[in-house]
Amino acid sequence: MRSLWLALRDLTLEFRGRAGILSVVFFLAVMLFILGLAFGPNPQDLQRAAPGVFWVALAFAGSLLASRAFGLEIEDGTLDDLLLTSGSREWIYLGKLAFQLALLLGVGVLLLLITAGLFYLPLGPWPWYLLTLVLGTLGYAAISTFYAGMLARLRGREVLLPLLLFPLVVPVVLSAVRATGDLAGGVPPGEVAGWWQLLVVFDVVYVVASGLLFPYVLEG
Amino acid sequence: MQLTRSSGKRDGLTPALLAGGLLGLLVGFYLALSAPPDVNQGWLVRIMYLHVPMAWLCYLAIFGTLGYSIAYLVRRNPRYDRMAAASAELGLLFSALTVLSGALWGRPTWGVYWTWEPRLTTFAILIAVYVGYFVVRSAIEDPELRANASAAIGILGSINVPISYMSVKWWRSLHQTQTIDLTTGKVNMEPSMLLALMVNLLAFTLLYIAFVRLRGIIAEREAEKLEAQHG
């Protein structure tokens, strides 16, 4: 319950501030535009590149957003207040995870629409895209939130975060790209299920492991 | 916190393991050179006698890092943190050597230095994880936080190995590219080749344990020196 309040508070702050989330969205739009120029203008090439472009762009956005999860807490010095609350600290992780997940999902849907427009990604199987998006972003956010919390007070965290994050999320990006690509290519959802299973396994393993480890790595 | 003072005692096991490993390496080297060439690969197969034990040592290092990281979080003994770091150091070194020797083997056998083979890709990811491990270790000053953070990276990174392996394997199998079997020539292995490989595997196992212990001792002395300097 506390986790949800924390996530809600962070979302409120994020949307009140606006600058952070807006700059991430515009960064992504510009990135997609440049990638479109690089791969285009042949529609077939663009369509083939679309799933990879989408997920790599989302991964970059995720590493930018992840530092926002604890950035405000550090700036305002409120992390210590959170740490003072009674009980174990897993709930802080879960709250931040929910916050990250909400942000990533929002950005992801927007990004999907832009990709569909610029890269001719067929939007027919959109419910399945959404499923892939939820599973993929959950796995991604599980790790990005964990490392963002761990590195929150370190110097050079902007460089360290992607360095730690990207090798670990290779399975997520790989499965999500393949699932999205197969769906776009007209493969029936039943045959894509294997990738979703892999994503579910990843999500479960990493949410549990990160949740258990989080209290150890939070400074203070 | 109690300071462990095992360095005061003489550690007989580490030199013994080291000597055993080195001896095994010499014997294995001789056996590998006297083993017959492979039917398909000719003399090239000799790279295998080093490549496979190196990869084996990496697996040991992954398990070692995972085990010592968990042990540290449970027992809170700084010794386990040093051992985990020692194991990760060996993992980094030998995964780099494995990829390198694999590339040198792959070029004459398959004509390419690199292929998106699951094991190869997993090793490349592993190198990146270990590099992150040591960058974070050097970035954190507070010893306890450093130990906690590296234990976390060690555990998350080790769990990642089977998952990335599976994902790359599926990714490739659906891609329908050329299938290259790294195990070619190892199925029907000549007894003398098998013996050479086994001796090398044993030697690398002994060396792994010896190196981790040795590195742990060095790190312990460094920590003691640092503590003495600070008061």
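Rules behind the numbers
- Residues numbered from 1 in each chain as written.
- Chains lettered and ligands numbered in written order.
- Predicted model: local features only at pLDDT ≥ 70, side-chain atom pairs only at ≥ 80, totals over all residues.
- UniProt positions renumbered as here; feature names shortened; annotations may be inferred.
- Helix = DSSP H or I, 4+ residues; strand = E, 2+ residues; numbered from the N terminus.
- Rg over C-alpha atoms; globule rule 2.2 N^0.38 Å.
- Buried ≥ 20, exposed ≤ 12 C-beta atoms within 10 Å, placed from the backbone.
- Contact = placed C-beta atoms within 7 Å.
- Nonpolar A, V, L, I, M, F, W, Y, C, P; charged D, E, K, R; others polar.
- pLDDT = per-residue confidence, 0-100.
- Expected span 1.5 Å × (residues − 1).

Under an unreviewed UniProt entry, chain B has the name Heme exporter protein C and belongs to Meiothermus granaticius NBRC 107808. The heading Subcellular location (unreviewed entry) in the UniProt record of chain B holds the text "Membrane". In the Sequence similarities (unreviewed entry) part of its UniProt record, chain B is described as follows: "Belongs to the CcmC/CycZ/HelC family."

Chain A goes by Heme exporter protein B in an unreviewed UniProt entry, where it is assigned to Meiothermus granaticius NBRC 107808. The record held by UniProt for chain A lists under Sequence similarities (unreviewed entry) the comment "Belongs to the CcmB/CycW/HelB family." Listed in UniProt under the heading Subcellular location (unreviewed entry), the comment for chain A reads: "Cell inner membrane".

Asker: Quick question: what am I supposed to make of the overall build of chain A here?
Answerer: Broken down by element type, chain A carries nine helices and zero strands. For 220 residues, the compact-globule estimate of 2.2 N^0.38 gives 17 Å, and chain A sits close to it at 18 Å. Seen through its C-alpha atoms, chain A measures out along the principal axes to roughly 55 × 35 × 30 Å. For chain A, buried positions account for 46% of its 220 residues.

Asker: Would you mind going over the interface of chain A and chain B with me for this structure?
Answerer: In many analyses, interface size is given as the accessible surface area lost on bringing the parts together. On the chain B side, the residues contacting the 22 residues of chain A number 27 residues. Those elements giving two or more residues to the side of chain A that touches chain B turn out to be helix H7 (157-168), helix H8 (170-184) and helix H9 (189-217) of chain A. Of the residues forming the side of chain A that touches chain B, the biggest block, eight residues, is contributed by H9 of chain A. Per-class residue counts for the side of chain A that touches chain B are 17 nonpolar, three polar and two charged.

Asker: Explanation requested: the UniProt feature "transmembrane region" (unreviewed entry) in chain B in the structure shown.
Answerer: Residues and elements named next belong to chain B. In the numbering used here, UniProt assigns the "transmembrane region" (unreviewed entry) feature to residues 12-33, 53-74, 86-106, 118-136, 148-171 and 191-211. Span residues 12-33 is 95% helix and 0% strand, its end C-alpha atoms 32 Å apart. For residues 148-171, the helix share is 100%, the strand share is 0%, and the end-to-end C-alpha distance is 34 Å.

Asker: So what exactly am I meant to see when it comes to the confidence of the model for chain A here?
Answerer: Chain-level pLDDT for chain A is 84 on average; 98% of the residues reach the 70-or-more range. Least confident of the elements in chain A is helix H4 (residues 79-84) of chain A, whose mean pLDDT is 75; most confident is helix H6 (residues 126-151) of chain A, at 90.

Asker: Whenever I open this one, the UniProt feature "transmembrane region" (unreviewed entry) in chain A confuses me. Can you help?
Answerer: Residue and element names in this part refer to chain A. According to UniProt, the positions carrying the feature "transmembrane region" (unreviewed entry) are residues 21-40, 52-70, 91-120, 126-147, 159-181 and 193-218. Structurally, residues 91-120 is divided into 97% helix and 0% strand, and its ends, taken at the C-alpha atoms, are 41 Å apart. The distance from the first to the last C-alpha atom of residues 126-147 is 31 Å, and the span holds 100% helix and 0% strand.

Asker: Explain unusual backbone geometry here, please?
Answerer: Negative phi is the rule for most residues except glycine; trans is the rule for most peptide bonds. Even without a glycine there, the phi angle at Tyr120 of chain A is positive, about 60°. Looking at the element boundaries, Tyr120 of chain A is found in the loop between helix H5 (90-119) and H6.

Asker: In this structure, what is going on with helix H3 (residues 78-110) of chain B? I would like to understand it.
Answerer: Count 3.6 residues to each turn of an α-helix, and residues three or four apart come out pointing the same way. Between the first and last C-alpha of H3 of chain B there are 46 Å, a value that for 33 residues agrees with the 48 Å anticipated at 1.5 Å per step. Of the residues flanking the end of H3 of chain B, it is Gly111 of chain B, one or two places downstream, whose phi is positive at about 85°.

Asker: Could you clarify how one ought to interpret the confidence of the model for chain B in this entry?
Answerer: One rule of thumb: low pLDDT means the predicted coordinates there are not for detailed reading. Residue and element names in this part refer to chain B. Here chain B averages 81 in pLDDT, while 87% of its residues score no lower than 70. Mean pLDDT across the elements of chain B ranges from a minimum in helix H5 (residues 143-175), with 82, to a maximum in helix H2 (residues 46-75), with 89. pLDDT under 50 marks residues 1-7. Its contacts with residues more than four places away, or in other chains, come to five contacts. Overall, residues 175-187 carries pLDDT values under 50, and its contacts beyond four positions in sequence, including any with other chains, amount to eleven contacts. Taken together, the chains of this predicted complex give a pTM of 0.84 and an interface ipTM of 0.83.

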